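# Chains, contacts and geometry: an overview
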Amino acid sequence: MSFAYMTATDLKGLLAARDISPVELVDDTLSRQEALEPKINAFVTRTPEVALEAARQAERAIAAGEAGAIAGLPTSVKDLVAMAGVPWTFGSRPFADNVVDFDAPAVERVRAAGGCIVGKSTTSEFGCKAVCDSPLTGITRNPWNLAKTSGGSSGGGAASVAAGLTPFAVCTDGGGSVRIPSALCGLFGIKAQFARVPVFPVSAAPTLAHVGAIARTVRDAALLLSVMAGHDRRDAFGVAEPVPDFVAACDGGAKGLRIAWSPTLGYAQPEPEITAVCEAAARRFEALGCEVELVEDALGEDPVEIWMAEFYGGIGTKLKGVMTEKPEELDSAVVTTLSGGLDRSMVDYFGQLFARYEFREKMRKFFERYDLLLSPTLPCAAFDVGHDTPPGLGARNIVSWVYYTYPFNLTGQPAASIPAGFTAEGLPVGLQMVAGINREADILRAAAAFEEAAPWADRKPPLA
């Protein structure tokens, strides 16, 4: 029996009833991983023994009535997240043999809850591109069309979930890296409030980086998020309040939510087909009892320069030695972009920093009027592999082309991408949902209601 494309919720029921064993489930996952990996290239390191040992422990825990929240469930961990005893490569050849002896908090919690980690998923180098390829791992492909990108930088985790290997994936998001591949691969991906899921060691983009969850269903993502979330003293920014019940929020319904729908946020240039699909999805919330208002100029000016000063300046500073000593081993597009981030003066940097605070305050006031902001997640559907940016977007760089996602790393607000529909070519389209500070529950209740009204998880890519 194959367990491909079963939800984590359904698998939990089978495991609890002892209809299947964790070892049986992980064995099936590893077999499918072996068969599909040559096609999609979703993993930089596979960890079958780690997964099988966790499965054996989960089997004992279930028998003893002591099972954790995700006991026996397979997952992957993005290779920007530390995992003890496993190479932590950042998708970069100079770090191919980098191994640490500790787990990041998210990995600690996944293990403690009984999760079975089947491998480290691929990323663009240092998470710097919105597609998923690197000199170390090559190209990760989209299960909906193997000629297309899976998106980045969490493209490996998204590809593995879209291919039915694992019900969910642990990923990161510094400018959209959970939401971008979720949109391109037809998945639900969410980053919670900044530092709701602790980050350690300190990220190279410490005020932007989130750890999030990608899944095929809203409830599966909520389950994984609930396992990873919670204060940790090692994260200086950690949210210290109690973690909301993310899974219960999925039953809250969308009725009464005040929603702003913005096709461009005021500056983006989406393809007409993307706008049409997303607007139809946004208007469905009216039938769910929400007030939906068109707000064309939701953000005003594009905050991309503010984001680049933080993201590329931080990563460029952290990696300056590698860029100086071994530039030929790095992705040339990443080197070019990071080098530009190091050219800023101190005055320019702090100018951007203060502009960020002004932008954050503007968004705080915006969410006094609305519970959710909806927009396209991306301006286009998946495009051919081998390109760093979609053909036709001109001067946009390796991340700025995404338009919609990076603003909400600057504000730290909860944000997600939900499947909105498909293009005429059969490629997934994502709708971005942004909530107010610490209001993940608003996203989850609305997304779960939308999913019930327009289910997507039963539609599988041709690869299946």
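Report follows, based on the coordinates.

The subject of this paragraph is the packing of aromatic side chains. In the structure shown here, the tally under the stated rule is 20 aromatic pairs. Summarising the aromatic geometry, the rings of F350 and F354 are spaced 6.3 Å apart at their centres and angled 40° between planes, so their arrangement reads as tilted. Here F350 and its partner F354 are both found in helix α13 (residues 346-369), 4 residues apart, which amounts to about one turn of the helix. Ring-pair connections join several aromatic residues into one group, and the members of that group are W88, F90, F95, F102, F126 and F200. Taking the ring centre of F422 as reference, the NZ or CZ of R459 above it sits at 3.6 Å.

A separate point is the nonpolar core. Within the largest apolar cluster, 142 residues are counted, with the highest numbers of intra-cluster contacts made by F188, M228, F285 and L373. By size, the runner-up hydrophobic cluster in this structure holds 16 residues, among which are L36, A51, L165 and L463.

Time to look at the pattern of salt bridges. Scanning the entire structure with this criterion turns up 28 salt bridges. Between E53 and R56 there is a salt bridge whose closest N-O contact spans 3.3 Å. Taken together, the residues span about one helical turn, with E53 and R56 both in helix α3 (residues 48-63) at a distance of 3 residues. Among the residues examined, E53 registers a relative accessible area of 32% and is labelled partly exposed. Taken together, the shared-partner salt bridges connect E108, R109, D232 and R234 into one network.

Moving on: the side chain of T166. Along the chain, the position of T166 falls in the loop between α5 (155-162) and β8 (168-173). At a separation of 2.9 Å, a polar atom in the side chain of T166 contacts the main-chain carbonyl oxygen of F168. T166 has contacts with T29, P74, T75, S76, V118, S160, V161 and R216, leaving out every residue within four places of it along the chain.

Here is what the cut-offs are and how they apply
- Residues numbered from 1 in each chain as written.
- Predicted model: local features only at pLDDT ≥ 70, side-chain atom pairs only at ≥ 80, totals over all residues.
- Heavy atoms only, no water.
- Phe/Tyr/Trp six-rings, centres within 6.5 Å; stacked < 30°, edge-to-face > 60°.
- Helix = DSSP H or I, 4+ residues; strand = E, 2+ residues; numbered from the N terminus.
- Lys NZ or Arg CZ within 6 Å of the ring centre and 35° of its normal.
- Core = buried A, V, L, I, M, F, W, Y, C linked by side-chain atoms within 4.5 Å.
- Buried < 20%, exposed > 50% of the residue type's maximum accessible area, 1.4 Å probe, protein only.
- Salt bridge = Lys/Arg side-chain N within 4 Å of Asp/Glu carboxyl O.
- Polar contact = N/O pair within 3.5 Å; in protein donor to acceptor, adjacent residues only side chain to side chain.
- Contact = heavy atoms within 4.5 Å.

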